[in-house]
Protein chains: 2
Amino acid sequence: MGDSQAGREVQISALPRGRLTVDQFALVTGARRALRPGEVLCRTILISLDPVNRGLMRGGSDYRGGLRAGDVMPGFAIAEVVDGGETALEPGTLVFGELGWREFAAVRADDLLPIAPRGPLSHQMSVLGLTGLTAYFGLLEVGRPEAGDTVLVSAAAGATGNVVGQLAQRHGCRVVGVTGSDAKAEVLRRTGFDAVINRRREDLRSELRRHCPDGIDVYFDSVGGKLLDACLARMAVGGRVVCCGALSEYDTDEAAVGARGVPGLVVSKRLRLEGFVVLDYRDHWPEAREQIASWIEAGELTVLEEIIDGLEQAPAAYVDLLAGGNLGKRMIRVAPDP
Amino acid sequence: MGDSQAGREVQISALPRGRLTVDQFALVTGARRALRPGEVLCRTILISLDPVNRGLMRGGSDYRGGLRAGDVMPGFAIAEVVDGGETALEPGTLVFGELGWREFAAVRADDLLPIAPRGPLSHQMSVLGLTGLTAYFGLLEVGRPEAGDTVLVSAAAGATGNVVGQLAQRHGCRVVGVTGSDAKAEVLRRTGFDAVINRRREDLRSELRRHCPDGIDVYFDSVGGKLLDACLARMAVGGRVVCCGALSEYDTDEAAVGARGVPGLVVSKRLRLEGFVVLDYRDHWPEAREQIASWIEAGELTVLEEIIDGLEQAPAAYVDLLAGGNLGKRMIRVAPDP
């Protein structure tokens, strides 16, 4: 408590119109304040950059409120407790929580999840964190693939997509990814994708026909928009669409266009489209983490991460992430691992 | 065989542009032809009018081919075998099959389903036929309502919708219907709907808010389009959309607009949208029919039917059906019950 609570933070200086730019952020030094009962003081180590937070700049969603100018940019982080206040959390405890883009944060202990690292701490933010768990539960519980199925993965080089593809491959599926560059496509092929489509260079519909000749059994959709339309037209009878996100709708003010195949193709092909939120599976996170960790330790899962140093880099790294610049899970290092 | 095989039939004289009109049909006398091996000659009694067939005039679907000018208008029918040919079907057997809009049809015996009437023969075409079974499997197997759920039914006065509403009510749900006239709304209220919205007179979104204050748990969608958009915005977290049809898209040449809430709201509200085709449940039809029949006999299910006399009336009755003119299952009587 005290001096250490003051620290740098990234605020949203203005809500964006159209695409987000770095001009909508401001790096400022936060005000000090005393810990309230139940709160602890945390020192941020790693911040997670998540495209979905962009949506909060347009009015929020059903599961959290919208953002306003002057707010600290929200984001999950891994941190170390530096002052446990009157709570049971000891200084030095590593925790995960929604701390925002700041060096220090006073947070209710109840809102923090203590973590026990297994391997590099950063894995807690990628394959063993929310994006890895999203891939795990979305693919296995919502998509329910069977061996031999063709699984199509959108944003395949993204934090979630690359794990979905690797898990599907482990599961005995044929895996086709969609990504935005040849370099990423090459990396994905090396992690086990059977085919990768570069959506910026290739004609989506003809490539989907070529790589999914018997249709798509499971489409893991983090994107929505035109790719969803193209996939709906290519789904196999009885196919499942795992609705994980709507990347194509986040970084814009424009209203969503709407999925053309709904409900027409959904009926004729007996499709199931199902949305999910990984927080709903909280009770099953431990066993999923155990599974994923064991695959990593056996060398059966490649971990793709980008760790960018410095809180001041967060705005540019985030704007680039929204444009699809990342390969794997992108995070910001604010302090070294303890 | 022989003379009796010639009879009147309704052909599609031209594929429609825009809305279907009676001018696109022609009543002609069909050509005679001898029965082929495996075929029987049927005399049509009742023809089912189904909006979904309109879609076949624009190129077909995944589960059947498109129509061309000169084709007999397709349609399911109940008929009596008048010549069993060399098959095991005895003359006098009542059968159900896709005979088309004609008085006599030579059909493969394998494509016919012998029926054992229970109550009026017309029930085999309505509550005990495909529309009743569609309501049964769509609501119970796809929508999986729980007692206390709010169930919203589109095209609630339609052949399927009115049964969905009554079954949901039996199931302990609060049932809200959407229909196109005050007269229909009144009939639906009398069959047990808790509330009915007249979509032509009332503001959909505000009425949905009023009648579904805690959101929609199950939306039985036979319509798509704007009603689907409005319902997606009003779904409860974890809600299910039973994708049964796309009435709003059948009687037009225009491309579907697309469902705006897909995938955005599907993710944030963890919705499930699932399409189905009643033919896939064929193995379970007998027990469903038994259930429905027992409810009718106990006076717990109101049967809504419109039986219009004369094959020559079929085109006008069908055009009006597409405009939402029917109350319950509409069919054409071609011959008296045997």
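We now turn to the structure provided with this report. Note that the structure is predicted; figures quoted are calculated from it, not measured. (Residues numbered from 1 in each chain as written. Chains lettered and ligands numbered in written order. Predicted model: local features only at pLDDT ≥ 70, side-chain atom pairs only at ≥ 80, totals over all residues. Heavy atoms only, no water.)

Residue and element names in this part refer to chain A. All chains considered together, the criterion is met by 12 aromatic pairs over all chains. Their ring planes at 20 degrees and their centres at 5.4 Å tell us that phenylalanine 25 and tryptophan 101 sit as a pair that is stacked. Placement of the pair is phenylalanine 25 in strand S2 (residues 25–29) and tryptophan 101 in the loop between strand S5 (94–98) and strand S6 (104–108), with a sequence separation of 76 residues. A residue is classified by how much of its surface remains accessible, and tryptophan 101, at 1% relative accessible area, is buried. Ring geometry for phenylalanine 137 and tyrosine 281: centres 4.8 Å apart, planes at 15 degrees, overall stacked. With phenylalanine 137 in helix H1 (residues 130–143) and tyrosine 281 in the loop between strand S13 (272–275) and helix H8 (285–297), this pair connects stretches of sequence that are 144 residues apart. By the ring-pair criterion, three or more aromatic residues cluster together here, those being Tyr136, Phe137, Phe276 and Tyr281. (Phe/Tyr/Trp six-rings, centres within 6.5 Å; stacked < 30°, edge-to-face > 60°. Helix = DSSP H or I, 4+ residues; strand = E, 2+ residues; numbered from the N terminus. Buried < 20%, exposed > 50% of the residue type's maximum accessible area, 1.4 Å probe, protein only.)

Residues and elements named next belong to chain A. The omega torsion across valine 262 and proline 263 is 5 degrees, close enough to zero to call that bond cis. Position of proline 263 relative to the elements: it lies in the loop between helix H6 (247–250) and helix H7 (264–268). The phi angle at alanine 155 is positive, at roughly 45 degrees, despite the residue not being glycine. Relative to the helices and strands, alanine 155 resides in the loop between strand S8 (150–153) and helix H2 (161–170). Exposure remark for alanine 155: the relative accessible area of 24% places this residue in the partly exposed category.

Residue and element names in this part refer to chain A. Mapped onto the elements, glutamate 103 comes out in the loop between S5 and S6. Only 2.7 Å separates the side chain of glutamate 103 from the backbone nitrogen of arginine 8, close enough to count as a polar contact. Those residues within four positions of glutamate 103 in sequence are excluded, and the remaining contacts are Gly7, Arg8, Cys42, Arg43, Thr44, Leu311 and Val334. (Polar contact = N/O pair within 3.5 Å; in protein donor to acceptor, adjacent residues only side chain to side chain. Contact = heavy atoms within 4.5 Å.)

All names here are of chain B. The geometry of helix H1 (residues 130–143) relative to helix H8 (residues 285–297) is characterised by a closest axis approach of 10 Å and an angle of 100 degrees between their N-to-C directions. Classified by the interaxial angle, the pair formed by H1 and H8 is roughly perpendicular. Contact with H1, carried on its side by Leu130, Gly132, Leu133, Tyr136 and Phe137, involves Trp285, Ala288, Arg289, Gln291, Ile292 and Trp295 of H8 and no other residues of that element. Its residues assigned to classes, the contact of H1 with H8 shows eight nonpolar, two polar and one charged. (Axes fitted to C-alpha atoms, helices over the stretch in contact; angles between N-to-C directions. Parallel < 35°, antiparallel > 145°, perpendicular 65-115°, else oblique. Nonpolar A, V, L, I, M, F, W, Y, C, P; charged D, E, K, R; others polar.)

Further remarks concern the relation of the copies chain A and chain B. Put simply, the two copies of the chain differ by a rotation about an axis and a shift along that axis. Least-squares fitting of chain A to chain B yields an RMSD of 0.0 Å, with the superposition described by an axial translation of 0.0 Å and a rotation of 180 degrees. When the rotation and shift are considered jointly, the pair of chain copies conforms to a two-fold rotation axis. Across chain A, the rotation axis passes nearest the C-alpha of Gly258(A), at a separation of 2.2 Å. Of the interface residues in chain A, 97% have counterparts in chain B that sit at the interface too, so the contact is made through matching surfaces. (Least-squares fit on C-alpha atoms with pLDDT ≥ 70 in both.)

The next subject is the state of the cysteines. Residue and element names in this part refer to chain A. Applying the stated criterion to the full structure yields zero disulfides over all chains. Looking at cysteine 243, it has no disulfide partner, and the nearest cysteine sulfur is the one in cysteine 244, 9.1 Å off. A residue is classified by how much of its surface remains accessible, and cysteine 244, at 18% relative accessible area, is buried. (Disulfide = S-S within 2.5 Å.)

Turning next to the interface of chain A and chain B. Taken together, the contacts link 33 residues of chain A with 32 residues of chain B. Here chain A and chain B share an interface that buries about 2,500 Å² over both sides, 60% of which is from carbon and sulfur atoms. It is Pro263(A), Val267(A) and Arg270(A) in chain A that bury the most area against chain B; as a group they hold 23% of the surface buried on that side. Seen at the junction of chain A and chain B, the total is two salt bridges. Across the salt bridge formed by Arg270(B) and Asp280(A), the nearest N and O atoms sit 2.6 Å from each other. Applying the counting criterion to the chain A and chain B interface returns six residue pairs in polar contact (both at pLDDT 80 or more). Taken together, the residues that form the side of chain A that touches chain B break down as 17 nonpolar, seven polar and nine charged. As judged from the three bridges shared by S13(A) and strand S13 (residues 272–275) of chain B, these two strands associate in the antiparallel manner. (Buried area = accessible area lost by both parts, 1.4 Å probe. Salt bridge = Lys/Arg side-chain N within 4 Å of Asp/Glu carboxyl O. Pairing = 2+ DSSP bridges.)

Residues and elements named next belong to chain A. For the pair H1 and H2, the least separation of the axes is 8 Å and the interaxial angle reads 45 degrees. Relative to H2, H1 is oriented oblique. For the crossing formed where H1 meets H2, the hand is right-handed. Mapping the contact onto sequence places Gly132, Ala135, Tyr136 and Leu139 in H1 and Val163, Val164, Leu167 and Ala168 in H2. Taken together, the residues of the contact of H1 with H2 break down into seven nonpolar, one polar and no charged. (Left-handed = near helix turned anticlockwise from the far one by under 90°.)

Residue and element names in this part refer to chain A. Tallying each qualifying case throughout the model produces three cavities of 30 Å³ or more. Along its surface, the largest cavity is lined by Ile78, Phe96, Ile115, Gln124, Gly129, Leu130, Trp285 and Arg289. Of the residues assigned to the lining of the largest cavity, the class counts are five nonpolar, two polar and one charged. (1 Å grid on protein atoms, 1.4 Å probe; cavity = no way out; pocket = protein on both sides within 12 Å on 5 of 7 lines; lining within 4 Å. Points joined across faces, edges and corners; volume = space filled by probe spheres on them.)

Below, the discussion takes up the pairing of strand S5 (residues 94–98) of chain B. Residue and element names in this part refer to chain B. Of all five residues in S5, four are buried, a share of seventy percent or more. Here five bridges tie strand S4 (residues 76–83) to S5, and the two strands are oriented antiparallel to one another. Each bridged residue has a counterpart across the sheet, and for glutamate 80 the counterpart in S5 is leucine 94. In terms of strand pairing, S5 meets strand S7 (residues 113–114) through two bridges, oriented antiparallel. Within S7, the residue paired with valine 95 across the bridge is proline 114.

Moving on: the environment of Ser13(B). All names here are of chain B. Position of serine 13 relative to the elements: it lies in the loop between strand S1 (8–12) and strand S2 (25–29). The partly exposed category is assigned to serine 13, whose relative accessible area is 39%. Each C-alpha atom of the pair serine 13 and glutamate 202 lies 38 Å from the other, and the pair is 189 residues apart in sequence. Those residues in contact with serine 13 that lie beyond four places of it in its chain are Asp23, Gln24, Phe25, Ala26 and Ala69.

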